[in-house]
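Chain and residue survey
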Amino acid sequence: MSTASPAKSLGDPGITPLSPSHSSKDADSNEPSAPSFVVVVAIDFGTTSSGYAYSFTKEPECIHIMRRWEGGDPGVSNQKTPTTILLTPDRKFHSFGYAARDFYHDLDPTEAKHWFYLEKFKMKLHTLANLSIETDIQAANGKRVKALDIFSYALSFFKDQALKELSDQTGGEFNNADVRWVITVPAIWKQPAKQFMREAAYKAGLVSRDNPDQLIIALEPEAASIYCRKLRLHQMIDLCSKTAVNGYSPTESVGAGMVQAKEHVRRNRQSRTFLVENVIGELWSELEEGDRYVVVDCGGGTVDLTVHQIRLPEGHLKELYKASGGPYGSIGIDYEFEKLLCKIFGPDFIDQFKIKRPAAWVDLMIAFESRKRAAAPDRSNPLNINLPFSFIDYYKKFRGHSVEHALRKSNVDFVKWSSQGMLRMNPDAMNALFKPTIDHIIQHLSELFEKPELTNIKFLFLVGGFAESPLLQQAVQNMLQGRSRIIIPHDVGLTILKGAVLFGLDPGVIKVRRSPLTYGVGVLNRYVEGKHPPDKMLVKDGTRWCTDVFDTFIASDQSVALGETVKRSYTPAKPSQQVIVIHIYCTEREDVAFISDPGVRKCGTLRLDVSGTESPATRREIQTLMQFGDTEIRAMAVDVTTSRSVKASIDFLSQ
């Protein structure tokens, strides 16, 4: 397919660069003046848990974490709510979070199979290769529902909750137009997934398409980074410190500081307001111009690594190296546990059990979750996991013998049956479940630290819910061997949420990002014998053109200032053209010659109607501009003579 010429088949006459083709960058001149929002609300839509936080623009030092909701799990602190959603049998929204889980749980199994229950569905946006508006995902009953509906129901739920809480706070009906919304997404997500989140927000009514700037899509590690700048010494644990932090000397166990931090957090749990002092934290003031640090955001679904560099005097952040990572979040441990259950009880039974007793399966995973959080490197006593009665009962019906018998027969040494009806795992067995996920993270970090541009990294900030794991902390410590200081903020699971609020209050703090893709337009160049492939030659009115040339606007991994505009000037290849069509292409590759090269795809089209206008110049100048925004890229074409213009947002979701 790559040999065929897209331009010839499209049949439009095309454009050619005006020489010299120039590019100008004016990052500062066109920053829109910030509209006046009364409050910033950030939504952390996580794989395993979600929540929101807000701050009034008049008192930006107070960040309020959402109201406590019903429900809660033993052994799990809940400032956020599980990312679970329930739809009625006719596919209408029913409930979210603990409420969804508990209601689904209490349904009779015969009735439950008509309801649509989904959990951990955010990962689908990362793993699907060809995501589109039509993509569907599978509910627990095996039926499929549209992903866009699920995501917009969830966002709509958070919108209603937040507006209700704000109305109660202010004592009147709170208007959505007064809210600036921020939604966080993993930095390693591809463009289609980031755009998908925005589409879901439009559908949920958070913002309208006419006012896209009311919503900022923030990258999770960037948000964490912004919060970490504000950290005071008493708000974090320094794993590598040679002096005592929180009254513990570093020789005492890694876990000890964490225990005390959790106690500190638990005491403060009653107050949901965090004060962010309007100062730069002590840690941050140690950083000098050009210093680098890494943010490792370990969530439920993904692990995201971002390298930032400080730009003084304002302390703006510059992304040094494009975000990397992968699907190595804590749900990997759940999958390992499931694999272990399949090994003991047989995959056929586990698959059936999930379908026939879905609520009991949820129960079992909740029981596992709290034990998973108790895993630690120096633990010596076993971890007990409650098996739901219906698991024991259903297994006996299914196999004709007992769970105890299965355990004896399975040759899994580390897991025993206790007479109280529990699976008893010795600590090594639990640690083994963590190993594949932690190994992935460590391998990734090692590769990152070997890159020549990433020498002398001053700090490594470990954030996200999975960062609470002592096993992960110890592994990172062992890998770094003191090369960087490892810093873990207290209440580490809320770091991103708090940072996202700060980002919404001051979006200008992130100044430079790396472009994840190469963008350009398809043009015609004069055909040069020997330089251009013969199959690209096109003769028009006696002129020989080379078609399908990829004219690069910005290359993958190039630094882009937020709001930066890149301009190019073109002229119609045929002066009498009435409509000028400019196709925009993107690719992950850095060096692209032709739009027909493998991996290049069309992601936008600008159609400029110039009919009925005469251009006094011999060659009509068409200026094409691309502006690189938060997650959206806006393109515009202007006919310089008449000032007619056309705009387009680049679409990554149309297949």
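Now for a description of the structure that goes with this document. (Residues numbered from 1 in each chain as written. Predicted model: local features only at pLDDT ≥ 70, side-chain atom pairs only at ≥ 80, totals over all residues. Heavy atoms only, no water.)

Moving on, we come to the overall build of the protein chain. If you tally the helices and strands in the protein chain, you get 17 helices and 33 strands. Expressed as a percentage of the 655 residues in the protein chain, the buried residues total 56%. Once local pairs closer than 6 in sequence are excluded, the contacts in the protein chain between residues at least 24 apart make up 72%. Total accessible area on the protein chain is roughly 27900 Å²; 51% of this is exposed by carbon and sulfur atoms. (Helix = DSSP H or I, 4+ residues; strand = E, 2+ residues; numbered from the N terminus. Buried < 20%, exposed > 50% of the residue type's maximum accessible area, 1.4 Å probe, protein only. Contact = heavy atoms within 4.5 Å. Areas by Shrake-Rupley, 256 points an atom, 1.4 Å probe, with all protein chains shown as cover.)

Turning our attention to the sheet that holds strand 6 (residues 84–87). Spatially, three strands are ordered 7-6-8 in an open sheet, and the strand pairing comes out antiparallel. The sheet terminates laterally at strand 7 (93–96) and strand 8 (116–119), the two strands that pair on one side only. If you compare each strand with its neighbour and ignore which way they point, the axes differ by 15 degrees on average. Inspection of the sheet shows strand 6 paired to strand 7 by three bridges, in the antiparallel sense. What sits directly across from leucine 87, in strand 7, is phenylalanine 93. (Pairing = 2+ DSSP bridges. Axes fitted to C-alpha atoms, helices over the stretch in contact; angles between N-to-C directions.)

This part covers the pairing of strand 19 (residues 415–418). The side chains of a regular strand alternate between the sheet's two faces. The pairing of strand 19 with strand 20 (residues 422–425) spans four bridges and is antiparallel. Note that in strand 20 the partner of serine 418 across the bridge is methionine 422. Where strand 19 folds back on strand 20, the antiparallel hairpin that results is connected by three residues, among which glycine 421 adopts a positive phi of roughly 80 degrees.

So, on to the environment of valine 179. Of note, valine 179 is situated in strand 11 (residues 179–185). Residues valine 179 and serine 36, 143 residues apart in the sequence, show an inter-C-alpha distance of 9.1 Å. For valine 179, the residues in contact, after removing those within four places along its chain, are Phe37, Val39, Val41, Leu163, Leu166, Phe174 and Gln214.

A side chain of one charge can pair with a side chain of the opposite charge if their charged atoms are brought near each other. In the structure shown here, the tally under the stated rule is 24 salt bridges. Its salt-bridge partner being glutamate 220, residue lysine 122 comes within 3.0 Å of it at the nearest N-O pair. Here lysine 122, found in the loop between strand 8 and helix 4 (123–127), pairs with glutamate 220, found in helix 7 (residues 220–228); they are 98 residues apart in sequence, far enough to count as distant. The burial state of lysine 122 is the same as that of glutamate 220; both residues are buried. Across the salt bridge formed by arginine 408 and glutamate 404, the nearest N and O atoms sit 3.6 Å from each other. Here glutamate 404 and arginine 408 lie together in helix 14 (residues 403–409), a separation of four residues that amounts to about one turn. On the basis of relative accessible area, glutamate 404 is assigned to the partly exposed category, the value being 37%. Through salt bridges with shared partners, a single network forms among Lys120, Asp334, Glu369, Lys372, Arg373 and Glu468. (Salt bridge = Lys/Arg side-chain N within 4 Å of Asp/Glu carboxyl O.)

Let us look at the environment of glycine 604. Tracing the chain through its elements places glycine 604 in strand 30 (residues 601–609). For glycine 604, a relative accessible area of 13% puts it in the buried group. Considering only alpha carbons, one finds glycine 604 and isoleucine 582, 22 residues apart in sequence, at a separation of 8.5 Å. Setting aside residues up to four positions removed in sequence, glycine 604 forms contacts with Ile582, His583 and Ile584.

Let's shift gears to the side chain of aspartate 639. Along the chain, aspartate 639 falls in strand 32 (residues 633–639). Polar contacts involving the side chain of aspartate 639 include one to the side chain of arginine 620, which spans 2.6 Å. (Polar contact = N/O pair within 3.5 Å; in protein donor to acceptor, adjacent residues only side chain to side chain.)

A few words now on the side chain of threonine 88. Considering the arrangement of structural elements, one finds threonine 88 in the loop between strand 6 and strand 7. Setting aside chain neighbours within four positions, we find threonine 88 in contact with His94, Trp115 and Phe116.

Let's shift gears to the packing of aromatic side chains. Enumeration over the complete set of coordinates arrives at 29 aromatic pairs. Ring centres of tyrosine 293 and phenylalanine 461 lie 5.7 Å apart, and the angle between their planes is 85 degrees; this geometry places the pair in the edge-to-face category. Placement of tyrosine 293 in strand 15 (residues 292–298) and of phenylalanine 461 in strand 21 (residues 457–463) is noted, with a sequence separation of 168 residues between them. Comparing tyrosine 293 with phenylalanine 461 shows no difference in burial state: the two are buried. Pairing tyrosine 519 with phenylalanine 652 gives two aromatic rings, centres 6.4 Å apart and planes at 65 degrees, and the pair type is edge-to-face. Linking tyrosine 519 in strand 24 (residues 518–526) with phenylalanine 652 in the segment after strand 33 (644–649), this pair joins segments that are 133 residues apart in sequence. Chaining the aromatic ring pairs together yields one cluster made of Phe345, Phe349, Phe353, Phe391, Tyr394, Tyr395 and Phe398. (Phe/Tyr/Trp six-rings, centres within 6.5 Å; stacked < 30°, edge-to-face > 60°.)

Right, let's get into unusual backbone geometry. One non-glycine residue, lysine 120, adopts positive backbone phi at about 50 degrees. For lysine 120, a relative accessible area of 22% corresponds to the partly exposed category. Its identity is not glycine, yet aspartate 548 carries a phi of approximately 65 degrees, on the positive side. As for its position among the elements, aspartate 548 is in strand 26 (residues 543–554).

Attention now moves to helix 7. Among the nine residues in helix 7, nine count as buried, and that is most of the element. Along helix 7, the residues that are buried comprise Glu220, Pro221, Glu222, Ala223, Ala224, Ser225, Ile226, Tyr227 and Cys228.

Here we come to the sheet that holds strand 15. Taken in spatial order, the eight strands make up an open sheet running 13-22-21-15-16-17-23-27, and their pairing is mixed. Edge positions in the sheet fall to strand 13 (236–238) and strand 27 (559–561), since each of these pairs with one other strand and no more. On average, adjacent strands in this sheet sit at an angle of 25 degrees to one another, irrespective of strand direction. Relative to the sheet, helix 7 contacts strand 15, strand 16 (303–311), strand 17 (316–326), strand 21, strand 22 (485–489) and strand 23 (510–514), its axis offset from that of strand 15 by approximately 120 degrees. Where helix 15 (residues 427–449) meets the sheet, its contacts fall on strand 15, strand 16, strand 17 and strand 21, and the angle it forms with strand 16 comes to roughly 30 degrees.

None of the figures reported here should be taken as evidence of function without further support.
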